[in-house]
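# Results of the structural survey
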Amino acid sequence: TSTSWTEGARMTRRDFLMKWLLYAAVTLLLVLLQSLVLTHIHLLDIHPFALPLLAGIIAVWEPQRECAFYGLVFGLVCDLTMPAAMPCLYTLSFLIAGLLVNFIARKLIMPGFWCSMVGAALALVVTDVLQALSQIYRHGSAAFAAAAALTGRELLLIVPLAPLLYLPLHWIYRRTRGVYT
């Protein structure tokens with residue numbers, strides 16, 4: 001007996017809505033964790049910023065159009081509610097990361113745990129690269145070394161949190177697709 005909501009059939013509107021409501025719930029929980037807990041932690045001279053991980057992990061399983069839409073909407077919400085180094089930073093970075101990770105998951109690495117970890121790291125790197133480009137534009141090439149060091153510290157500190165995001169996101173995917181990867 002199947003435990004998925006769709007039981008291998010074509011996804012209904014109800015199932016589609018349920019999937020995105022569950023993704024939204026996980027997103028809201030991470031936003032709350034980010035704003036209430038992670039912003040108060042200071043390790044390796046950074047505050048952990050885990051929100052890009054969501055765009056990378058979701059892009060592993062979802063179709064290109066859906067991961068692009070998620071990246072646009074989630075990025076826009078982040079841009080409207082959080083300070084950033086440049087306008088539309090999160091909208092651009094989550095969209096680019098989502099599309100890039102989706103391509104990797106379709107063409108290079110089989111979707112699953114390791115692809116999700118690569119996707120999470122890549123989403124963080126894309127966000128940091130766009131921030132670094134903004135800083136280099138403002139302050140010159142001297143900002144490059146600081147930006148590269150920041151990216152390295154963030155990868156060390158934040159990517160280990162990715163398996164904690166992988167679990168609920170993979171559960172949602174399995175229940176709404178009927179696929180066990």
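The structure under discussion appears in the preceding block.
This text gives an overview of the structure that appears in the document. (Residues numbered from 1 in each chain as written. Predicted model: local features only at pLDDT ≥ 70, side-chain atom pairs only at ≥ 80, totals over all residues. Heavy atoms only, no water.)

## Topic: the packing of aromatic side chains
Applying the stated criterion across every chain yields a total of eleven aromatic pairs. Considering the side-chain rings of W61 and Y166, the 5.7 Å spacing of their centres and the 45 degrees angle between planes classify their relative orientation as tilted. With W61 in helix α2 (residues 51-61) and Y166 in helix α7 (residues 162-177), the pair connects residues that are 105 residues apart, well separated along the chain. Judged by its relative accessible area of 4%, W61 falls in the buried class. Residue Y166 is classed as buried on the basis of its relative accessible area of 8%. Put simply, the rings of F16, W20, Y23, F49, Y70, F74, Y90 and F94 pair up and form one aromatic cluster. (Phe/Tyr/Trp six-rings, centres within 6.5 Å; stacked < 30°, edge-to-face > 60°. Helix = DSSP H or I, 4+ residues; strand = E, 2+ residues; numbered from the N terminus. Buried < 20%, exposed > 50% of the residue type's maximum accessible area, 1.4 Å probe, protein only.)

## What about the side chain of Q34?
By secondary structure assignment, the location of Q34 is in helix α1 (residues 13-36). Among the polar contacts listed, one links the side chain of Q34 to the backbone oxygen of P48, at a separation of 2.8 Å. Apart from the residues lying within four places of it in its own chain, the contact partners of Q34 are T39, P48, F49, A50 and L51. (Polar contact = N/O pair within 3.5 Å; in protein donor to acceptor, adjacent residues only side chain to side chain. Contact = heavy atoms within 4.5 Å.)

## Considerations on the pattern of salt bridges
Pairing of side chains with opposite charge becomes possible as their charged atoms draw close. A complete count under the given rule lists three salt bridges for this structure. One salt bridge connects R14 with D15, and the closest N-O pair in it is separated by 3.3 Å. Relative accessible area serves as the criterion here: at 3%, D15 is assigned to the buried category. Salt-bridge contacts for E62 lead to K19; the nearest nitrogen and oxygen are separated by 2.7 Å. Here E62 is found in the loop between α2 and α3 (64-81), whereas its partner K19 is found in helix α1, with 43 residues between them in sequence. For the pair shown, E62 and K19 are each scored as buried. In this structure, a network of salt bridges that share partners links the residues K19, E62 and E66. (Salt bridge = Lys/Arg side-chain N within 4 Å of Asp/Glu carboxyl O.)

## Some details on the nonpolar core
Membership of the largest hydrophobic core comes to 41 residues, with the highest contact counts inside it found for L54 and L169. Looking at this core, the elements with two or more residues in it are α1, α2, α3, α4 (89-107), α5 (113-139), α6 (143-158) and α7. A per-element tally of this core places α2 first, with nine residues. With residues near it in sequence (within four places) discarded, L169 still touches Y23, V26, L54, I57, I58 and W61. (Core = buried A, V, L, I, M, F, W, Y, C linked by side-chain atoms within 4.5 Å.)

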